[in-house]
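Structural overview for review
Letter by letter, the chains look like this.
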Amino acid sequence: MSRALFVVDVQNDFTEGGALGVDGGDAVALAVSRHLVAHHGDYALVVASRDWHDAEGDNGGHFAVDAAPDFVTSWPVHCVAGTAGADYDPGLDLTHITHHLKKGQGRPAYSLFEGVADDGATAAELLTRYGVVDLDVVGIATDYCVRATALDAIAHGVHVRVFTDLIAGVAEPSSEAALAELAHAGAELVESARA
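Every chain begins its residue count from 1, and numbering advances along the sequence as written. A pLDDT threshold of at least 70 governs which residues receive local features in this predicted model, and a stricter bar of 80 or more applies before side-chain atom pairs are shown or counted, although totals over entire chains, interfaces and linings include all residues. Each side-chain value is derived from all of the structure's non-hydrogen atoms; neither hydrogens nor water enter the calculation.

1. Remarks on the overall build of the chain
- Check the secondary structure of the chain and you find four helices and six strands.
- Starting at the N terminus, helices and strands are each numbered in turn, a helix being any DSSP run of H or I of at least four residues and a strand any DSSP run of E of at least two. Start at the N end of the chain and walk to the C end: the helices and strands fall as β-α-β-β-α-β-α-β-α-β.
- When we talk radius of gyration, it's over C-alpha atoms, and the globule rule is simply 2.2 Å times the number of residues to the 0.38. What you see for the chain is a C-alpha radius of gyration of 15 Å, in line with the 16 Å of a compact globule of 195 residues.
- Overall, the C-alpha framework of the chain stretches about 50 × 40 × 30 Å when taken along its three principal axes.
- Accessible surface is estimated by sampling points in the Shrake-Rupley manner with a 1.4 Å probe; for residues, cover comes only from the protein chains shown. Of the roughly 8,400 Å² of accessible surface on the chain, 52% is carried by carbon and sulfur atoms.
- As used throughout, the charge tally considers Lys and Arg to be positive and Asp and Glu to be negative, leaving His and the chain termini uncounted. Charge placement uses NZ in Lys and CZ in Arg. For Asp and Glu, CG and CD serve respectively. Taken as two groups, the 10 positive and 29 negative side-chain charges of the chain have centres that lie 7 Å from each other.

Structural data, given as structure tokens:
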């Protein structure tokens, strides 16, 4: 039995100054890095995801190209493959990340489970391969991709902890609602120092 850490979308376009930057994003990058320095030995694997959208087209309606974004299902252009916005935030130390997944690639994608590694591996396959039964989830944004990732992990059958000091959301009301939903679904909400 083993534990894994999922680091969700700690990218330039989701941190301060990015196309969809959230307040506290840079601080999350630095805090996740500190957590990894101190605790990387606790994890059998550390998986990081990145939105990785196509430069052409609307990515299955994900990009608002013909109308204003509704910020629910359509968004401004962000995290285009190969651009600085799609890069990891410079505050995120990649040293202890064992697997990198790209999600989107022509279609909407929120959960890290929708991503794929360059070798074709998926999050579900990695959890099974490493015998993961406990999963910690951190990253951006609480009310969208962190929420979707944690719900998918619970559905996969692992015990999920969401580190509330290592996440940042788009808006406080929707982030609070997401955390309540996750707790109801069975996730443990805890600060990383108390884990």
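2. Some thoughts on the sheet that holds strand E5 (residues 159–168)
- Taken together, the six strands give an open sheet; going across it, the order is E3-E2-E1-E4-E5-E6, and neighbouring strands pair in parallel fashion. Of all the strands in the sheet, the pair left with one neighbour each is strand E3 (99–104) and strand E6 (188–190). Each adjacent strand pair in this sheet contributes to an overall mean axis angle of 25 degrees, direction not counted.
- Paired strands, as defined in this entry, are two strands with at least two bridges between them according to DSSP. Pairing of E5 with E6, which is carried by three bridges, proceeds in the parallel orientation. Counterpart to Phe163 in the pairing with E6 is Val190.
- Contacts are assigned to residue pairs that have any heavy atoms within 4.5 Å of one another. Only the stretch in contact is used when fitting a helix axis, every axis being a line fitted to C-alpha atoms; angles between N-to-C directions are given from 0 to 180 degrees. Set on the sheet, helix H1 (residues 25–39) makes contact with strand E1 (2–8), strand E2 (45–52), strand E4 (132–140) and E5; between it and E5 the angle comes to about 130 degrees.

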